[in-house]
Amino acid sequence: DQQVKQNSPSLSVQEGRISILNCDYTNSMFDYFLWYKKYPAEGPTFLISISSIKDKNEDGRFTVFLNKSAKHLSLHIVPSQPGDSAVYFCAASAHSGYALNFGKGTSLLVTP
Amino acid sequence: NAGVTQTPKFRILKIGQSMTLQCAQDMNHNYMYWYRQDPGMGLKLIYYSVGAGITDKGEVPNGYNVSRSTTEDFPLRLELAAPSQTSVYFCASSFDRSYNEQFFGPGTRLTVL
């Protein structure tokens, strides 16, 4: 039962353009959302997060948007750089829980 | 700060063998977690701990055991390895509960043949 879904396994974007990674969730108890970035043979590293009381959070080139009514969030990377090529995981948690619920990930390739 | 460290990086086990995956963190985090990632899938929680001496099951605990005798260490034990346990195992820690970001180790790639 996948409660966090990333329906695009891969995405290819040209350097300098915007990358948009999408994530949907089904559990209405989720109230905190995170994006992790993962390079091959490394552990996931935290990128950006958003609380359910906000609809946008920005950190440099990275912005996360949350649409609670649609149970949808997205990560925007502007401008995209070749070093952004990695697998991006969306994760969600409920204040009452301990676990992060992960999506399957989207592999982003930024081409020069 | 080394962050979260895991050993070994790789291991091949035969069916029925046992092993312990080591995890340590030097950030004085109370919360520690073990996840597994199967190919093409997201990470799934195996066990977690909220402090020394306190552990609890996650989503996929069968076939594993954990202990937490110190704040720093959180080993994961596989008693009778099965091919279904072939996966990449990640240990993570956080200062507080879910609202805090979890810091991950580099992972242990385990193959059971």
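Residues numbered from 1 in each chain as written. Chains lettered and ligands numbered in written order. Predicted model: local features only at pLDDT ≥ 70, side-chain atom pairs only at ≥ 80, totals over all residues. Heavy atoms only, no water.

(A) The interface of chain B and chain A, seen in detail. Opposite the 20 residues of chain B that make contact, chain A presents 22 residues. Buried surface at the junction of chain B and chain A, both sides included, amounts to about 1,900 Å², of which 59% is carbon and sulfur. Connecting chain B to chain A are zero salt bridges. Applying the counting criterion to the chain B and chain A interface returns two residue pairs in polar contact (both at pLDDT 80 or more). Listing elements by their share of the side of chain B that touches chain A, those giving two or more residues are β4 (31-37) and β5 (43-51) of chain B. Its residues assigned to classes, the side of chain B that touches chain A comprises twelve nonpolar, six polar and two charged. (Contact = heavy atoms within 4.5 Å. Buried area = accessible area lost by both parts, 1.4 Å probe. Salt bridge = Lys/Arg side-chain N within 4 Å of Asp/Glu carboxyl O. Polar contact = N/O pair within 3.5 Å; in protein donor to acceptor, adjacent residues only side chain to side chain. Helix = DSSP H or I, 4+ residues; strand = E, 2+ residues; numbered from the N terminus. Nonpolar A, V, L, I, M, F, W, Y, C, P; charged D, E, K, R; others polar.)

(B) The arrangement of the state of the cysteines in detail. Under the defined criterion, the tally for this structure stands at two disulfides over all chains. Linked covalently through their sulfurs, C23 of chain A and C90 of chain A form a disulfide whose S-S length is 2.0 Å. Measuring the twist about the S-S bond at about -75°, one finds the C23 of chain A-C90 of chain A disulfide to be left-handed. Taken together, the residues C23 of chain A in strand β3 (residues 19-25) and C90 of chain A in strand β9 (residues 86-93) connect sequence positions 67 residues apart. By relative accessible area, which is 0% here, C23 of chain A ends up buried. Sulfur-sulfur distance for the disulfide between C23 of chain B and C91 of chain B comes to 1.8 Å. On the sign convention where negative means left-handed, the S-S torsion of about -70° between C23 of chain B and C91 of chain B marks this disulfide as left-handed. Of this pair, C23 of chain B sits in strand β3 (residues 19-25) while C91 of chain B sits in strand β9 (residues 87-94), and the two are 68 residues apart along the sequence. You can call C91 of chain B buried: its relative accessible area is 0%. (Disulfide = S-S within 2.5 Å. Buried < 20%, exposed > 50% of the residue type's maximum accessible area, 1.4 Å probe, protein only.)

(C) Fine view of the nonpolar core. Residues F33, W35, L73, L75 and Y88 of chain A are the most contacted members of the largest nonpolar core, which totals 24 residues. Of all the secondary-structure elements, those providing two or more residues to this core are β3, β4 (32-38), β5 (45-51), β7 (62-67), β8 (72-77), β9 and β11 (106-111) of chain A. Looking at which element gives the most residues to this core, the answer is β9 of chain A, with four residues. Those residues in contact with Y88 of chain A, other than ones at most four positions away along the chain, are Q6, L21, W35, Y36, K37, L47, L75, I77, G105, T106 and L108 of chain A. Counting residues in each nonpolar core, the second largest holds 19 residues, with L13, M32, V66 and L76 of chain B among its members. (Core = buried A, V, L, I, M, F, W, Y, C linked by side-chain atoms within 4.5 Å.)

(D) Spotlight on the packing of aromatic side chains. Applying the stated criterion to the full structure yields twelve aromatic pairs over all chains. Centre to centre, the rings of F102 of chain A and Y35 of chain B are 5.6 Å apart; their planes meet at 85°, and the pair counts as edge-to-face. Highlighted residues: F102 of chain A in strand β10 (residues 101-102) and Y35 of chain B in strand β4, drawn from two different chains. Residue classification places F102 of chain A among the buried residues on the basis of a relative accessible area of 5%. Through a chain of ring-to-ring contacts, three or more aromatic side chains come together here, namely Y36, F46, F89 and F102 of chain A together with Y33, Y35, F90 and F104 of chain B. For the cation-ring pair, R68 of chain B lies above F74 of chain B, with the distance from its terminal atom to the ring centre recorded as 6.0 Å. (Phe/Tyr/Trp six-rings, centres within 6.5 Å; stacked < 30°, edge-to-face > 60°. Lys NZ or Arg CZ within 6 Å of the ring centre and 35° of its normal.)

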